[in-house]
Amino acid sequence: GFGKGKPVSIPGNTTDTTGLVFNANFDGLSIGKHAFYVRAMDDWGLTSVDSFTVTVSLPVTLLNFRAQLVQNEVQLTWQTSSEFNNDYFEIDHSTDGMQFNAIGDVKGNGTSSILNNYNFTAEHPEGDGNYYRLKQVDIDGYYTFSPVVNVKLSTGFTYLVYPNPATNEVNIMVSSDKDQQMVF
């Protein structure tokens, strides 16, 4: 047992394998380290076994992903330090942090080893919970998700509580930039 290995013929009539190069397809391997073994057999049936490790990493190195409320829109920004076969980023939104829906996409930079900056404006945020994540999609259709970021909408009220520290009573001054009803 060495699995479903395929024999590789050495070109010509040589037994010298110094510098021998052959291709192996590692598609479909999960992220992480994988051990592989190469068995070489000579004319007398003697074998030698060499091992090596292949590390499968994420196709995109995401440095940060941020969300900020700016004038009733959510500005999403993110940076990558490297990309490999990056097709695009799908932007997903949720109001509960569990069920996400796609709201747009941003084209990726394919293969790159430089710092890349991205942004997307999410219009019409809803209610108190606005959760966002990125779905990074490779050119072969594989995808990974970013961590989730959350933006809370402002209530429009400003509170001032005084004096501080207080002994028996406090004053609460409430103001609003909107015409809203306040209940105490």
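Heads up: these notes are all about the structure in this document. From a predicted model like this one, the values you see are computed outputs, not experimental measurements.

### A word on the side chain of asparagine 116
Moving on, step 1. Positionally, asparagine 116 belongs in strand E6 (residues 116-123).
Moving on, step 2. Among the polar contacts made by the side chain of asparagine 116, one reaches the main-chain carbonyl oxygen of isoleucine 114 at a distance of 3.1 Å.
Moving on, step 3. Setting aside chain neighbours within four positions, we find asparagine 116 in contact with Trp78, Gln79, Thr80, Glu83 and Asn109.

### Some thoughts on the environment of glutamate 123
Moving on, step 1. Structurally, the position occupied by glutamate 123 is in strand E6.
Moving on, step 2. Taking the C-alpha atoms as reference points, glutamate 123 and glutamine 75, 48 residues apart in sequence, are found 8.8 Å from one another.

### A look at the packing of aromatic side chains
Moving on, step 1. Under the counting rule described, the total for this entry stands at five aromatic pairs.
Moving on, step 2. Consider the rings of tyrosine 143 and phenylalanine 145, whose centres lie 5.6 Å apart with planes at 70°: the pair is edge-to-face.
Moving on, step 3. The partly exposed category is assigned to tyrosine 143, whose relative accessible area is 47%.
Moving on, step 4. In this structure phenylalanine 145 comes out as partly exposed when scored by relative accessible area, which is 41%.
Moving on, step 5. Ring-pair connections join several aromatic residues into one group, and the members of that group are Phe65, Trp78, Phe89 and Tyr118.
Moving on, step 6. Just above the ring of phenylalanine 100 sits the side chain of arginine 133; from NZ or CZ to the centre is 4.2 Å.

### Details of the pattern of salt bridges
Moving on, step 1. One pass over the structure, following the stated rule, counts two salt bridges.
Moving on, step 2. For lysine 107, the salt bridge is made with aspartate 87, and the minimal N-O distance between the two is 2.8 Å. Pair noted here: lysine 107 is in strand E5 (residues 101-112) and aspartate 87 is in strand E4 (residues 73-94), with a separation of 20 residues, a long-range link.
Moving on, step 3. Under the relative-accessibility criterion, lysine 107 is labelled exposed at 59%.
Moving on, step 4. Linking aspartate 92 and arginine 133 is a salt bridge whose minimum nitrogen-to-oxygen distance equals 3.0 Å. Residue aspartate 92 is located in strand E4, and its partner arginine 133 is located in strand E7 (residues 130-138); the two are separated by 41 residues in the primary sequence. Both residues of the pair, aspartate 92 and arginine 133, belong to the buried class.

About the cut-offs
Residues numbered from 1 in each chain as written. Predicted model: local features only at pLDDT ≥ 70, side-chain atom pairs only at ≥ 80, totals over all residues. Heavy atoms only, no water. Helix = DSSP H or I, 4+ residues; strand = E, 2+ residues; numbered from the N terminus. Polar contact = N/O pair within 3.5 Å; in protein donor to acceptor, adjacent residues only side chain to side chain. Contact = heavy atoms within 4.5 Å. Phe/Tyr/Trp six-rings, centres within 6.5 Å; stacked < 30°, edge-to-face > 60°. Buried < 20%, exposed > 50% of the residue type's maximum accessible area, 1.4 Å probe, protein only. Lys NZ or Arg CZ within 6 Å of the ring centre and 35° of its normal. Salt bridge = Lys/Arg side-chain N within 4 Å of Asp/Glu carboxyl O.

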